[in-house]
Amino acid sequence: MSTAYEAVIGLEIHVQLNCRTKMFCRCPNRPGDEPNRNTCPICLWLPGNLPLFSREALEKATCACLSLNCEVQRESAFDQKVYYYPDLPKGFQLSQFHHPLAKNGWLDITDADGLSTRIRIQKIHMEEDVARLVHEQEGKTPVSLVDFNRAGAPLVEIVTQPDLRSPQQAMEFLRYLRTRLRYSGSSECSMEQGTMRVDANVSIRPRGSDRMNTKVEIKNMNSIRHVGDAIAYEIARQENTLHVGEEVVLHTRLWDPEKRITTAMRGKFEGPCVPDPSVPRIVIDDEWLEEMRRNLPEMPDRKAGRFASQYGLTAEEAALMSSERDVSEYFEAVAKRGVSARLAAQWIAGQVLPLMKEHNDAPAQNGVDPERFADLLLLLEREEINANAAKEVLKKLRESSASPGEIVAEFGYRQVSGAAELEAIVERVLAENPSAVENFRKGISKAMGFLMGKAMQASGGKANPRLLKEIMDRKIR
Ligand code: ZN
Ligand code: MN
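Just so it is clear, the model here is predicted, and its values are computed rather than measured. In this convention, every chain numbers its residues from 1, walking through the sequence in written order. The naming scheme follows written order: chains are lettered A onward, ligands numbered 1 onward. Thresholds applied to this predicted model are a pLDDT of at least 70 for local features of residues and 80 or more for the giving and counting of side-chain atom pairs; totals over whole chains, interfaces and linings are not thresholded and use all residues. For side-chain calculations, the full set of non-hydrogen atoms in the structure is used, while hydrogens and water are omitted.

(A) Seen up close, the overall build of the protein. In this text, helices come from DSSP runs of H or I with a minimum length of four residues, and strands from runs of E with a minimum of two, each type numbered from the N-terminal end. Helix and strand counts for the protein come out as 15 helices and 16 strands. The globule rule is 2.2 Å times the number of residues to the power 0.38, and the radius of gyration it is compared with is taken over C-alpha atoms. Here the protein has a C-alpha radius of gyration of 29 Å; the compact-globule value for 477 residues is 23 Å, and the former is much larger. Among the 477 residues that make up the protein, the fraction classed as buried is 47%. Taking the intrachain contacts of the protein between residues at least 6 apart in sequence as the baseline, contacts between residues at least 24 apart amount to 69%. Computing the positive centroid from 64 side-chain charges and the negative centroid from 68, the protein places the two 2 Å apart. Buried residues are those whose accessible area, probed at 1.4 Å on protein chains only, stays under 20% of the maximum for their type, while exposed residues exceed 50% and partly exposed ones sit between those limits. We call two residues contacting when some pair of their heavy atoms lies within 4.5 Å. Residues counted as positive are Lys and Arg, residues counted as negative are Asp and Glu, and His and the chain ends are not counted. Each charge is placed at NZ for Lys, CZ for Arg, CG for Asp and CD for Glu.

Here it is, written out as structure tokens:
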């Protein structure tokens, strides 16, 4: 964007809570099952049935609010948000409009330059999800089918203040938000599975102005990258609009990830929001809220601080090891087994995470449990195997239940540390490569690397690199 303008961005994020049941009935909360399997008269919204509010939904929603530093309200209530659409045939959605569950939260985000910005969260309210429409073709006739598995699924909607100023900030905020919600245990926040969906409100104004100009809403984005791309596109579109002397008009747009543009969508009918008489007010007491607060898992930034002080990790290592809850738990289980914690962090970042990514595993079931991984690192620390061998053993651990020691024995990975054996190797390599020796003595330092490589190869990759280097240094001078 040109330097004359700045963007003003607010986000509304719908997050599906990972409850066992739906919000107002006891149907399983599994929207991905065979269509219309998880339904009952309540969530099919048939007349004459009263909603039955789920305690688990309140607990998970409260966890989410606490993890985002919100003030949980002692009283909240549901309203009927009235609109008709085929995915909402009962004509209204149960949502908290007038009395939301929580207000006044915040998250501090850090940009690439290390600058910290506080993004305020205006409110978080609970609401039920709507049904899902599936558009198909039956012969020549287009048909729309309705799947009620998602109807009544428990959601929270998180509404930020318009504190974000760039697509990058919006993306960073969403990453922070997702990490904290996952840590809190309230949601998987999987954009692929649609358990986190984002709307963005975007306007622009002359830089330095505090005016709030007409905004445009971009609806229902399902990836963080799409959010960034759509906001960037929308900022440029609004700048162009002003540039040609037109005005930005309040409306809703949709992001088209294929064409990478936003397109105008027909304005949605904004109906009234009236207090719902069928769900009792939600009243929370201090004792319960304190208990929820006590049970909230340690949050990532606090955990990173603890990892740095307790285990001596660098700030970067600590941030990486605490970036996801399952990674942090894996790291800590390994570090507690008497291995150098920094070695563990480096090997998790450098080897375990890439290996998991390659095989699409979660740390908890990556096939290399923390106990065996710690044993492997101990072999490396004691110089019984070298780093090359350790990488090979790690791959084999994934596919077997053997211990690292057994794998080392079976495949002959034990490091060669015998001085006599290493000296013999070095003498042979020096004799076979007189010109490299000559070059090294002339001061060409990369000749050393060449000779080390040859010697390591001659040992079948098993030489203790530290001893090998010592002997090589001594012999060559
Ligand atoms: Zn139901
Ligand atoms: Mn909503």
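(B) Looking closely at the side chain of Glu217. Secondary-structure assignment places Glu217 in strand S12 (residues 216-221). Not counting chain neighbours up to four residues away, the residues in contact with Glu217 comprise Glu12, Asp199, Ala200, Asn201, His251, Thr252 and Arg253.

(C) Structural view of the domain arrangement of the protein. For the domains described, the bounds stem from an automatic or database domain assignment. Assigned domains of the protein: these are domain 1 (5-283), domain 2 (298-411) and domain 3 (419-476). Using only C-alpha atoms to locate each centre, domain 1 and domain 3 end up separated by 63 Å.

(D) Broad picture of the coordination of the zinc ion (ligand 1). Binding of the zinc ion (ligand 1) to the protein goes through Cys25 (SG), Cys27 (SG), Cys40 (SG) and Cys43 (SG), at separations of 2.3 to 2.4 Å. Donor atoms (N, O, S) are those found within 2.8 Å of the metal centre, with the cutoff raised to 3.2 Å for Na, K and Ca; water is not part of the atom list, so apparent gaps in a site can occur. Angular criteria define each label, namely tetrahedral for four donors with all angles between 85 and 135 degrees, square planar for four and octahedral for six donors with opposite donors over 155 degrees apart and remaining angles between 65 and 115, and irregular for whatever fails these tests. Taken together, the 4 donor atoms surrounding the zinc ion (ligand 1) define angles of 100 to 114° at the centre, an arrangement classified as tetrahedral. In primary-sequence terms, the residues that donate to the zinc ion (ligand 1) follow C-x1-C-x12-C-x2-C. By the burial criterion, Cys40 is buried, and Cys43 matches it.

(E) Seen up close, the coordination of the manganese ion (ligand 2). Surrounding the manganese ion (ligand 2) are the protein donor atoms His14 (NE2), Glu127 (OE) and Glu157 (OE), at 2.0 to 2.2 Å. Mapping the donors of the manganese ion (ligand 2) onto the primary sequence gives the spacing H-x112-E-x29-E. Placement of the pair is Glu127 in strand S7 (residues 116-128) and Glu157 in strand S10 (residues 154-160), with a sequence separation of 30 residues. You'll find Glu127 and Glu157 in the same group, each marked buried.

(F) Local environment of the packing of helix H8 (residues 341-359) against helix H9 (residues 370-381). Between N-to-C directions, angles cover 0 to 180 degrees, with each direction set by a line fitted to C-alpha atoms, over the stretch in contact for helices. It is at 11 Å that the axes of H8 and H9 come closest, and there the two elements cross at 110°. On the basis of the axis angle, H8 is roughly perpendicular to H9. H9 is crossed by H8, and the crossing has right-handed handedness. On H9, the residues touching Leu343, Ala344, Trp347, Ile348 and Val352 of H8 are Phe373, Leu377, Leu380 and Glu381. Each residue receives one of three labels: charged for Asp, Glu, Lys and Arg, nonpolar for Ala, Val, Leu, Ile, Met, Phe, Trp, Tyr, Cys and Pro, and polar for the others, Gly being one of them. Across the contact of H8 with H9, the residue classes tally to 8 nonpolar, no polar and 1 charged. Working rule for angles: under 35 degrees goes down as roughly parallel, over 145 as roughly antiparallel, 65 to 115 as roughly perpendicular, anything else as oblique. By definition, any crossing whose near helix is turned counterclockwise from its far helix by less than a right angle is left-handed, and any crossing with a clockwise turn is right-handed.

(G) Molecular detail of the environment of Lys395. For Lys395, the location among the structural elements is in helix H10 (residues 387-398). Separated by 27 residues in the primary sequence, Lys395 and Val368 place their C-alpha atoms 8.9 Å from one another.

(H) Focus on the packing of aromatic side chains. We call Phe, Tyr and Trp rings a pair once their centres come within 6.5 Å, taking the six-membered ring for Trp, and we label the pair stacked below 30 degrees between planes, edge-to-face above 60, and tilted otherwise. The tally for this structure, following the rule as stated, stands at 10 aromatic pairs. Taken together, the aromatic side chains of Phe24, Phe53 and Phe78 make up a single cluster linked through ring pairs. We count a charge as sitting over a ring when the NZ of a lysine or the CZ of an arginine lies within 6 Å of the ring centre and within 35 degrees of the ring normal. The lysine or arginine in question, Arg118, covers the ring of Trp106, its NZ or CZ lying 3.6 Å from the ring centre. Directly above the aromatic system of Phe411 lies the positively charged group of Lys396, at a separation of 4.6 Å from the ring centroid.

(I) Main features of unusual backbone geometry. At Asn36, a position not held by glycine, the phi torsion is positive, near 60°. Residue position: Asn36 is located in the loop between strand S1 (5-16) and helix H1 (55-67). Its identity as a non-glycine residue notwithstanding, Asn220 has a phi of 55°, on the positive side. Among the structural elements, Asn220 can be located in strand S12.

(J) Seen up close, helix H13 (residues 434-441). For H13, the set of buried residues is Ala436, Val437 and Phe440. With its buried residues spanning 100° around the axis, H13 presents them on a single face. Facing away from the buried side of H13 by over 90 degrees, the exposed positions are Pro434, Ser435 and Arg441. Backbone geometry just after H13 places Gly443 at a positive phi near 100°. This arc is built from the directions going out from the helix axis to the C-beta atoms.

(K) Focus on the pairing of strand S4 (residues 79-82). With 4 bridges connecting them, S4 and strand S5 (residues 92-95) associate as antiparallel partners. Each residue of the ladder has a partner; that of Lys81, found in S5, is Gln93. Where S4 lies against strand S15 (residues 273-275), 3 bridges are found, and the strand directions are antiparallel. Bridging from a neighbouring strand, Asp79 pairs with Pro275 of S15. Between any two strands, at least two bridges found by DSSP are needed for them to pair.

(L) Region of the structure containing the pattern of salt bridges. Here a salt bridge means any side-chain nitrogen of Lys or Arg lying within 4 Å of a carboxyl oxygen belonging to Asp or Glu. Taken as a whole and judged by the stated rule, the model has 36 salt bridges. With its nearest N and O atoms 2.9 Å apart, the salt bridge here joins Glu298 to Arg306. With a closest N to O distance of 2.9 Å, Arg342 and Glu317 form a salt bridge. Of this pair, Arg342 sits in helix H8 while Glu317 sits in helix H6 (residues 315-321), and the two are 25 residues apart along the sequence. We classify Arg342 as partly exposed; its relative accessible area is 36%.

(M) Quick look at the side chain of Thr21. Residue placement: Thr21 occurs in the loop between S1 and H1. The exposure class assigned to Thr21 is buried, which follows from its relative accessible area of 17%.

(N) Region of the structure containing the environment of Val143. In this fold, Val143 is placed in strand S9 (residues 141-147). A C-alpha to C-alpha distance of 43 Å links Val143 and Gly245, two positions 102 residues apart in sequence. Residue contacts for Val143: discarding those within four places in its chain leaves Val134, His135, Glu136, Gln137 and Glu138.

(O) Structural detail: the nonpolar core. The term nonpolar core refers to a set of buried residues drawn from Ala, Val, Leu, Ile, Met, Phe, Trp, Tyr and Cys, joined through side-chain atoms within 4.5 Å. Of all hydrophobic cores here, the largest spans 62 residues; its most connected members are Leu11, Ile13, Phe173, Leu174 and Leu177. Ignoring anything within four residues of it in the chain, the contact list for Leu11 reads Ile158, Val159, Thr160, Leu164, Ala170, Phe173, Leu174, Val198, Asp199, Ala200 and Ile231. The next biggest cluster of nonpolar side chains, apart from the first, holds 39 residues, and it includes Val327, Ala390, Val393 and Ala402.

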